[in-house]
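# Working through the structure, step by step
Listed here are the chains, written in short residue letters.
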Amino acid sequence: MRIFLMILTLAASLSAQAQLKSWTADNGNGTYTNPLFYDEFSDPDILRVGDDYYLAGTTMHTVPGLVILHSKDLVNWENISYCFDRFDFADDAFALKNHKEIYGQGIWAPAIRYANGQFYVFSNVNGKGLQCYTSKDIRGPWKHHNMQGKIYDLSVLFDDDGKIYAIHGYGEVKCTELKPDMSGPIEETERTIIPEGNAVGEGHHMYKINGMYYLISTDYRPNGRTLCSRSKSIWGPYETITITADETFGYHQAPLTQVPRGEKYRIGHNGTKFGIPEVDKDATACTNIHQGGIVETQNGEWYALLMMDFHSIGRTVTLAPITWKDGWPMIGLEGNLGRAPRTWVKPNINAEVNPHAPYERNESFNNKTLGRVWQWNHNPDDKKWALKNGRLRLQSMPAEELMWARNTLTQRVIGPTSVTTVELYTKGMKDGDVAGLGNINTPCSWIGIVKNGKETTLRWFEQATNDTLDQPVSQDMMGDRIWLRMVGDFDNDMAIYYFSYDGKDFHPMGRQMKLSYQLITFQGSRHALFAFNHKGRQGGYAEFDNFTVEETQADRSQNIPYGKTFRIINMATGKPMVALPHGLIYDTERNDNSPQTRFRLIDKGQGKVSLQCADGRYVFVSGIGMAGDVRLTNDAEKAEVFMWQDYLNRQFMLMSMRNHRYIGKSPTTGSPYSMDFVGADPARRNGAVLRWEE
């Protein structure tokens, strides 16, 4: 809450033209910090071709569809392609026509492959079956093959003998051969390769490594886990183990929207009594890193790119090292297999890459085409929008509320906190028109201008409570434009809207809103530029300009407190760490400010540090890391070397470079600090997550 209040204060003073640094996982010191992107990227599948890495992800009902990113180092990525501009199915649902929709049921869970001198991207469209897109150039153009068949959430393997296999199904895993020309599955080739009852899930990723078949999958019941199954034959039998579980990086599950039974529409309507229940902050659920692919680098290292449910942002991607153990690709590092560091050294790839974000989120609308970050909510009517005179023009079409408004332009929200601003020009709006800045989600919300006859109203609307707040405006107050702003704290699932008549002084409107993730659209929060006519008419038009996203926590250069003397507070107990004269590390009373509670860092390079008490002694570990093994020494050569794990907002963990476990103190046992914590729990109260304060 404290962080959100700071962002609210900042929001009132930020210039709509200001541009701050954009989040990148690259720390600039040879390390990276997860997530790779602080915005949504679902169902990642990874591919390396030579020195180039490609990542394909789900886009559901938004277009362009099936996004593809490119990287040279697995850390810095760029959006280079989509497989298609529009859904080429004529059904009304793909275009939000006649109260039909494909929210959360568009195209999802792709598999990207390279064979026969071309790229293949396989995916499923609900009700249409298996789809395949092929191109010799990753940037396109792509050819669409509608393969049909009941194959979804699949992996595809081009085997050494020329056969092509699709692996699919939940629990009961099936394998089906595909026709080489991508015209469809080969009839009567489907066989069960892993029977139900083996605790295997879905989201499959199949690989053939050194003659062995490896299947990575994810199981959600009763709790999220990532599994690996292996066999000497594609047809089995397979043995299965868990390769990662419970790695949440200290994030609890997101609140999931509940739509009451009996609603006419899956997405509800204005007046639906949505439920956004409180969550169990100690539960892992599907917050842990799970579904995704693995890849071998040019230098023989292996990495997994897995997603995790990341609060109201949606699903994000993480990069985790793989340690091969007894022939299994275990997530994590020796000594702490099954868990993954949030901060780790970049892959050993000889590529000179400047840190950069995958998207340019700010948009002046001065170009002939929209930036790659933008996607339409369902297929747009291309006759009803234009880039004109340096602005985006949206003509309003009939819709009773935002989720049914055609030609709504969206982009993913960016976390952990951000301030998004846009200019809205209203001169072309007519009676019944509604236009503004919204959040496409279930439930949705927005702030904007409503025209009713000669009256102009500034309106805030929150669908979760079906609450509306109106404020009349006049020509003298706003002229023909207004600035609209959304401030989001997406780690804490909160947002609030602002408005300004001059682009300088911003005023809050409406209450602080609770955000959620949900399994209806299968997407997190999305900024939306919209125009519709609530009186059922073909209305006028609204124009948008200077869309800016200011990422208030993207600059992490000062997050590690080099050169400072600070106290270390345990998040589980709220008590400071103290260096006892006896030679142990313990906790003390909250008001203890003695020199033994003050620490400083010794920079060891590449994100690695040693910890020194203000009295001159160094923290070291004697033994295997059990309680009492964390001690103090006057010998700097014995000081333990840690990798600083940045958890933002002055929170952190210290991972030993010796055993890859974390320093921490149990909040219940009374034992001194130890070095045997495997990671953070979802609520950050198991004693491993710390906070520094000056």
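Residues numbered from 1 in each chain as written. Predicted model: local features only at pLDDT ≥ 70, side-chain atom pairs only at ≥ 80, totals over all residues. Heavy atoms only, no water.

We now examine the overall build of the protein. For the protein, the count of helices and strands is two helices and 51 strands. Taken over the C-alpha trace, the protein has a radius of gyration of 26 Å; the compact-globule value for 694 residues is 26 Å, and the two agree within 12%. Counting only C-alpha atoms, the protein reaches 80 × 70 × 50 Å along its principal axes. Counting every position in the protein, which comprises 694 residues, the buried fraction comes to 63%. Accessible area of the protein: about 25900 Å², with a carbon and sulfur share of 46%. Considering the protein, the positive charge centre built from 74 side chains and the negative charge centre built from 80 side chains are found 2 Å apart. (Helix = DSSP H or I, 4+ residues; strand = E, 2+ residues; numbered from the N terminus. Rg over C-alpha atoms; globule rule 2.2 N^0.38 Å. Buried < 20%, exposed > 50% of the residue type's maximum accessible area, 1.4 Å probe, protein only. Areas by Shrake-Rupley, 256 points an atom, 1.4 Å probe, with all protein chains shown as cover. Lys, Arg positive; Asp, Glu negative; His and termini not counted. Charge placed at Lys NZ, Arg CZ, Asp CG, Glu CD.)

Take the pairing of strand β22 (residues 328-333) next. Burial analysis of β22 places six of its six residues in the buried class, which makes it a mostly covered element. Relative to β22, strand β21 (residues 315-325) is paired through four bridges, and the arrangement is antiparallel. Along β22, the bridge assignment pairs Trp324 with Pro329. Taken together, β21 and the strand that follows it, β22, pair antiparallel across an intervening segment of two residues, in which Asp326 is found at a positive phi of about 55°. Pairing analysis gives two bridges linking β22 to strand β23 (residues 336-337), with the strands arranged antiparallel. (Pairing = 2+ DSSP bridges.)

In this section: the side chain of His61. Mapping His61 onto the fold places it in the loop between β3 (52-57) and β4 (62-63). Engagement of the side chain of His61 in a polar contact is seen with the backbone nitrogen of Gly104, the distance being 3.2 Å. Looking at His61, its side chain comes within polar contact range of the side chain of Gln523, at 3.2 Å. If we skip the residues at most four places from it in the chain, His61 touches Phe87, Ile102, Tyr103, Gly104, Gly106, Trp376, Asn377, His378, Thr521 and Gln523. (Polar contact = N/O pair within 3.5 Å; in protein donor to acceptor, adjacent residues only side chain to side chain. Contact = heavy atoms within 4.5 Å.)

Now for the environment of Ala464. Relative to the helices and strands, Ala464 resides in the loop between β33 (455-462) and β34 (467-473). For the pair Ala464 and Thr257, spaced 207 residues apart in sequence, the C-alpha separation works out to 9.3 Å. Setting aside its immediate chain neighbours within four residues, Ala464 contacts Thr272, Phe274, Ile276, Pro443 and Cys444.

This brings us to the sheet that holds β21. Read across the sheet, five strands follow the order β19-β20-β21-β22-β23 without closing on themselves; strand pairing throughout is antiparallel. Every interior strand has two partners, whereas the edge strands, β19 (292-296) and β23, have only one.

As a further point, take the nonpolar core. By size, the foremost hydrophobic cluster in this structure holds 119 residues, and its most contacted members are Ile68, Leu74, Trp77 and Leu305. Per-element tally for this core: the top contributor is strand β20 (residues 302-309), with six residues. The contact partners of Leu74, leaving out residues within four places of it in the chain, are Leu36, Ile46, Tyr53, Val295, Thr297, Tyr303, Leu305, Leu319, Pro347 and Ile349. Within the second largest apolar cluster, 24 residues are counted, among which are Ile585, Phe599, Val621 and Met675. (Core = buried A, V, L, I, M, F, W, Y, C linked by side-chain atoms within 4.5 Å.)

A word on the side chain of Ser231. Note on placement: Ser231 falls in strand β17 (residues 225-231). The contact partners of Ser231, leaving out residues within four places of it in the chain, are Met212, Tyr213, Gly236, Pro237 and Tyr238.

A few words now on unusual backbone geometry. Along the chain, Val63 connects to Pro64 via a cis peptide bond; the corresponding omega equals 5°. Relative to the elements of secondary structure, Pro64 occurs in the loop between β4 and β5 (65-71). Of note, the amide linkage connecting Gly236 to Pro237 takes the cis form, showing an omega dihedral of 5°. Position of Pro237 among the secondary structure elements: in the loop between β17 and β18 (239-245).

Between side chains of opposite charge, a pair can form when the charged atoms approach closely. According to the stated counting rule, one finds 34 salt bridges in the structure shown. Here Arg339 and Glu247 are joined by a salt bridge, their closest N and O atoms 3.0 Å apart. Separated by 92 residues along the polypeptide, Arg339 in the loop between β23 and β24 (343-345) and Glu247 in the loop between β18 and β19 bring together distant segments of the chain. For Arg339, a relative accessible area of 10% translates into the label buried. Of the residues examined, Glu247 reaches a relative accessible area of 2% and is grouped as buried. Two residues, Glu462 and Arg511, come together in a salt bridge whose shortest N-O distance is 2.6 Å. Remark: Arg511 occurs in strand β37 (residues 507-514) and Glu462 occurs in strand β33; sequence separation between them is 49 residues. Owing to a relative accessible area of 6%, Glu462 belongs among the buried residues under this scheme. Exposure remark for Arg511: the relative accessible area of 37% places this residue in the partly exposed category. Each of Asp26, Asp73 and Lys346 takes part in salt bridges that share partners, so that together they form one network. (Salt bridge = Lys/Arg side-chain N within 4 Å of Asp/Glu carboxyl O.)

A separate point is the state of the cysteines. Throughout this description, disulfide means a covalent bond between two cysteine sulfur atoms. Under the definition given, this model contains zero disulfides. The thiol sulfur of Cys228 is not disulfide-bonded, and the nearest other cysteine sulfur, from Cys175, lies at 16 Å. (Disulfide = S-S within 2.5 Å.)

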